[in-house]
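# Analysis of the macromolecular model
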Amino acid sequence: MSKVIGVKQRYQESLPELKASLGVSNIMALPRLNKITLNVGTGRLTGNKDMLTFIDQALRSISGQKAMITKSKKSIAGFKLREGSDVGFKITLRGKRMIDFLDRLINITLPQIRDFRGIDKKSFDRQGNLTIGFKDSSAFVELEHAGIDKSFGLSITLSIINSDPDKSLTLVSTLGFPLKQG
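Here we summarise the structure given alongside this text. Since the structure is predicted, the reported quantities are computational estimates derived from the model, not experimental observations.

Once that is clear, we can look at the packing of aromatic side chains. Applying the stated criterion across every chain yields a total of 2 aromatic pairs. Ring geometry for Phe-54 versus Phe-152: centroids 6.3 Å apart, planes at 80°, classification edge-to-face. Of this pair, Phe-54 sits in helix H3 (residues 49-63) while Phe-152 sits in the loop between strand S4 (130-134) and strand S5 (154-161), and the two are 98 residues apart along the sequence. Given the relative accessible area of 14%, Phe-54 is considered buried. The exposure class of Phe-152 is buried, given its relative accessible area of 4%.

Below, the structure written as structure tokens:
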């Protein structure tokens, strides 16, 4: 049985190779992960208090941290939205919780997604941040069978500093993310 190497250890071992491939002489100039943000928009579920409670508990079990409720900044009559009403949940992970979540995401969650081909190069923005969207939350093993009938979508954003899309692609391949071929 092969031992699974953690993200932090894999990053530490590959620093010399990463410096050589990016042409950077100083370790502090290398791209590195700053934070991970989980976002859930409630949308049509705003009136359903049971579902909002479930989403809050599910995010807490996925991340190990309490979710912050996001509020609308202005009123939009076309969407029947009032200023200050609840529109979603947000969690920002840093430090050890970020590394633990990233380990679970790479080694457990992403391999369980059916028909997952890998991370696309188009998923990076101009600053090099990676956003992964999940249409269904059932891929997370922390939810067990409770999330089968109450699915919700979420997005995970990896904020990478000192980076651009090409450097970020090199970093996430070093961390062990599966990349789309071709």
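Now, onward.
Here we take up helix H5 (residues 165-175). Note on helix geometry: an α-helix contains 3.6 residues per turn, so any two residues three or four positions apart are oriented the same way. Inspection of H5 places Ser-168, Leu-169, Leu-171, Val-172, Thr-174 and Leu-175 among the buried residues, and these make up the whole buried set. Residues of H5 that are buried in the fold lie against helix H1 (7-13), helix H2 (15-22), strand S1 (32-41), helix H4 (95-112), S4 and S5. Immediately beyond the C-terminal end of H5, within one or two residues, lies Gly-176, with a positive phi of roughly 110°.

In space, the 5 strands of this open sheet follow the order S2-S3-S1-S5-S4, with antiparallel pairing throughout. Edge positions in the sheet fall to strand S2 (68-71) and S4, since each of these pairs with one other strand and no more. Neighbour-to-neighbour, the strand axes of the sheet open up by a mean angle of 25°, direction not taken into account. Relative to S5, S1 is paired through 7 bridges, and the arrangement is antiparallel. Its bridge partner being in S5, Leu-38 is matched across the sheet by Ile-156. Where H3 meets the sheet, its contacts fall on S1, strand S3 (86-93) and S5, and the angle it forms with S3 comes to roughly 10°.

About the criteria used
- Residues numbered from 1 in each chain as written.
- Predicted model: local features only at pLDDT ≥ 70, side-chain atom pairs only at ≥ 80, totals over all residues.
- Heavy atoms only, no water.
- Phe/Tyr/Trp six-rings, centres within 6.5 Å; stacked < 30°, edge-to-face > 60°.
- Helix = DSSP H or I, 4+ residues; strand = E, 2+ residues; numbered from the N terminus.
- Buried < 20%, exposed > 50% of the residue type's maximum accessible area, 1.4 Å probe, protein only.
- Contact = heavy atoms within 4.5 Å.
- Pairing = 2+ DSSP bridges.
- Axes fitted to C-alpha atoms, helices over the stretch in contact; angles between N-to-C directions.

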